[in-house]
Amino acid sequence: MRLYQEDSYATRFQARVVRAWSDEQGHHVVLSETLFYPESGGQPADTGVLRGGFGEVRVLHVYEEAKAFGDVVHRLSAPIPEGVEVEGEIDWNRRFRHMQRHTAQHILSQALLRAGGYHTIAVSLDSPVSTVDLEEEVEEAKLQEAEALANFAVYADYPIEAFWVSEEELARYPLRRPPKVQGQVRLVRIGDFDLAACGGTHLRTSAQAGPIKVLKWERYKGGSRVYFMAGWEALEDYHAKHALLSRLALSFSTSPLELEKPVRRLQEEVYTLKGENLELKEALVEALLPRALEERVLLVPAPVLGDLAKRLLSWSEKTFLLLSPEGRFAALGPGRQEVLERFKALGAKGGGKEVVQGSLPKEKVAAALDPSLVS
Ligand SMILES: [Zn+2]
């Protein structure tokens, strides 16, 4: 029996081990009944523990042996014998978050249908950022409307109930989407807001799923994929983002919602400075070029070392050595490898083809400025 369908708020249960086996995947049991939700319908599995005369083992994963109504298999951290009685306990913190994601998805899917006529065809609730895949491409305004509608449904505090109907009775129920299973079908009703066939675990009222926040959307397989967060996880996300924005605002001496202005100003300044920097470097390279051609061993500022080396390469075939006061160096021409070897003996690191570049310990710079190196 799937106890989680009877009461999605129960966390402990008693059961007997009906089957037990071990294989290369691990240790497994099927129980006479279970509160553990098996991974399905986009909702992740429950985890938790089983206790008994054998001690305590962890339930690592739960899945259906065959799709829809197959046995519920529990993968365990250690084997337990067939026939024993166990007490099971699910990880409630994890389950409650899953129920928030899942119930919010029902609400959001209905809101998307109402706001834009958008049809949900797949969902993923594996992580705090959940997704709903829609058959249609969405419009931004309709998406905002759907988000508002979903949160109105949250604040309306609709009761949520699950009940079973036969296939024949189904026609009397206006379902959001046709059921995938046959025979007895489990329906989940959220007040008069939403009605859908579902075997999952749900909250008692819509209010517990809130807030529901749509994060973004993108085109996906001819339709769209909508990303959202719900419940505690949406609140945690808000907390993290608010804290980040507040820290940034403080560093710019402004308020979080005014941050764009100083950030944009900073971007513009960086852009201007980059342009100026480029001009200054070019001018400096031009100014240094005649002396470099004449002396061939020269102390130059590190930012122009590479550019000056390239310019020399196009001007002369002789050997040149450029050094910065911090120890960065560039050597080119026929004697460049020899320079590199000499510098390596002084503790330098570096390499390269047409221009060898590297750095030398700072205290060796004076000794390295040796004109005989290029003669
Ligand atoms: Zn459901």
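Residues numbered from 1 in each chain as written. Predicted model: local features only at pLDDT ≥ 70, side-chain atom pairs only at ≥ 80, totals over all residues. Heavy atoms only, no water.

By the naming in an unreviewed UniProt entry, the protein chain goes by Alanyl-tRNA editing protein and is assigned to Thermus scotoductus. Reading the Subcellular location (unreviewed entry) entry of the UniProt record for the protein chain gives the comment "Cytoplasm". According to the UniProt record, the Cofactor (unreviewed entry) comment for the protein chain is "Zn(2+)". (UniProt positions renumbered as here; feature names shortened; annotations may be inferred.)

Asker: Help me understand the coordination of the zinc ion in this model?
Answerer: Around a metal, the perfect tetrahedron of four donors has angles of 109.5 degrees, and the perfect octahedron of six donors has angles of 90 or 180 degrees. Looking at the zinc ion, one finds its protein donor set to be His 102 (NE2), His 106 (NE2), Cys 198 (SG) and His 202 (NE2), positioned 1.9 to 2.1 Å from the metal centre. With four donor atoms in place around the zinc ion and angles of 101 to 121° between them, the coordination shape is tetrahedral. All donors to the zinc ion come from one chain, and their sequence spacing reads H-x3-H-x91-C-x3-H. One end of the pair, His 102, is in helix α2 (residues 92–116); the other, Cys 198, is in the loop between β11 (194–197) and β12 (212–220), and 96 residues separate them in sequence. For the pair shown, His 102 and Cys 198 are each scored as buried. (Donors = N, O, S within 2.8 Å, 3.2 Å for Na, K, Ca; no water. Tetrahedral: all angles 85-135°; square planar, octahedral: opposite > 155°, others 65-115°. Helix = DSSP H or I, 4+ residues; strand = E, 2+ residues; numbered from the N terminus. Buried < 20%, exposed > 50% of the residue type's maximum accessible area, 1.4 Å probe, protein only.)

Asker: Help me out: how do you make sense of the pattern of salt bridges in this one?
Answerer: Note on pairing: side chains with opposite charge can pair once their charged atoms come close. One pass over the full model with this rule turns up 23 salt bridges. With its nearest N and O atoms 2.7 Å apart, the salt bridge here joins Asp 46 to Arg 95. With a gap of 49 residues between them, Asp 46 in the loop between β2 (26–31) and β3 (48–52) and Arg 95 in helix α2 connect regions that are remote in the sequence. Between Arg 176 and Asp 194 there is a salt bridge, with its nearest N and O atoms 2.7 Å apart. Here Asp 194 lies in strand β11 and Arg 176 lies in the loop between β9 (160–165) and β10 (185–190), a separation of 18 residues in the sequence. With respect to class, Arg 176 is no different from Asp 194; both count as buried. What emerges from the salt-bridge pattern is a single network uniting Arg 12, Arg 51, Glu 56, Glu 87 and Glu 89. (Salt bridge = Lys/Arg side-chain N within 4 Å of Asp/Glu carboxyl O.)

Asker: Where do I start with the layout of surface pockets in this structure?
Answerer: Where empty space is left becomes clear once a probe the size of a water molecule has been rolled over the atoms. Roughly 870 Å³ of volume is contained in the largest pocket. Along the wall of the largest pocket there are 33 residues; nearest its centre are Gly 41, Lys 180, Ala 197, Cys 198 and Gly 199. Sorting the residues of the lining of the largest pocket by element identifies α1 (3–6), α2, β7 (120–124), β10 and β11 as the ones contributing at least two each. Two domains each put at least three residues into the lining of the largest pocket: domain 1 (3–90) and domain 2 (95–240). Considered as a void within the structure, the second largest pocket measures approximately 290 Å³ in volume. Taken together, 15 residues make up the lining of the second largest pocket; nearest its centre are Lys 213, Asp 237, Tyr 238, Lys 241 and His 242. The element contributing the most residues to the lining of the second largest pocket is helix α4 (residues 231–251), with six residues. (1 Å grid on protein atoms, 1.4 Å probe; cavity = no way out; pocket = protein on both sides within 12 Å on 5 of 7 lines; lining within 4 Å. Points joined across faces, edges and corners; volume = space filled by probe spheres on them. Domains from an automatic or database assignment.)

Asker: Could you clarify how one ought to interpret the side chain of Asp 46 in this entry?
Answerer: Asp 46 sits in the buried class, given a relative accessible area of 0%. Polar contacts involving the side chain of Asp 46 include one to the main-chain amide nitrogen of Tyr 37, which spans 2.8 Å. Engagement of the side chain of Asp 46 in a polar contact is seen with the side chain of Arg 95, the distance being 2.7 Å. The residues contacting Asp 46, other than those within four sequence positions of it, are Leu 35, Phe 36, Tyr 37, Val 62, Ile 90, Arg 94, Arg 95 and His 98. (Polar contact = N/O pair within 3.5 Å; in protein donor to acceptor, adjacent residues only side chain to side chain. Contact = heavy atoms within 4.5 Å.)

Asker: How do you make sense of the packing of aromatic side chains when you look at a structure like this?
Answerer: Two aromatic rings, taken as a pair, are described by how far apart their centres are and by the angle between their planes. Applying the stated criterion across every chain, the model contains seven aromatic pairs. When the ring of Tyr 4 is compared with that of Tyr 37, the centres are 5.1 Å apart and the planes differ by 80°; the resulting orientation is edge-to-face. On the criterion of sequence distance, the pair formed by Tyr 4 in helix α1 and Tyr 37 in the loop between β2 and β3 is long-range, its members being 33 residues apart. Accessibility classification places Tyr 4 together with Tyr 37 in one group, the buried group. An angle of 50° between the planes, with centres 5.8 Å apart, marks the rings of Phe 163 and Tyr 173 as tilted. Residue Phe 163 is located in strand β9, and its partner Tyr 173 is located in the loop between β9 and β10; the two are separated by ten residues in the primary sequence. (Phe/Tyr/Trp six-rings, centres within 6.5 Å; stacked < 30°, edge-to-face > 60°.)

Asker: Looking at this model, I keep getting lost on the packing of helix α5 (residues 260–295) against helix α6 (residues 305–315). Mind explaining?
Answerer: Think of two packed helices as two axes; the pair is described by the angle between the axes and how far apart they sit. Packing of α5 against α6 brings their axes to within 9 Å, and their N-to-C directions diverge by 50°. In terms of orientation, α5 lies oblique with respect to α6. Judged by the sense of rotation from one axis to the other, the crossing of α5 with α6 is right-handed. On the side of α5, the interface is formed by Lys 281, Val 285, Glu 286, Leu 288, Leu 289, Ala 292 and Leu 293, while α6 contributes Asp 307, Leu 308, Arg 311, Leu 312 and Trp 315. Among the residues making up the contact of α5 with α6, the classes are represented as eight nonpolar, no polar and four charged. (Axes fitted to C-alpha atoms, helices over the stretch in contact; angles between N-to-C directions. Parallel < 35°, antiparallel > 145°, perpendicular 65-115°, else oblique. Left-handed = near helix turned anticlockwise from the far one by under 90°. Nonpolar A, V, L, I, M, F, W, Y, C, P; charged D, E, K, R; others polar.)

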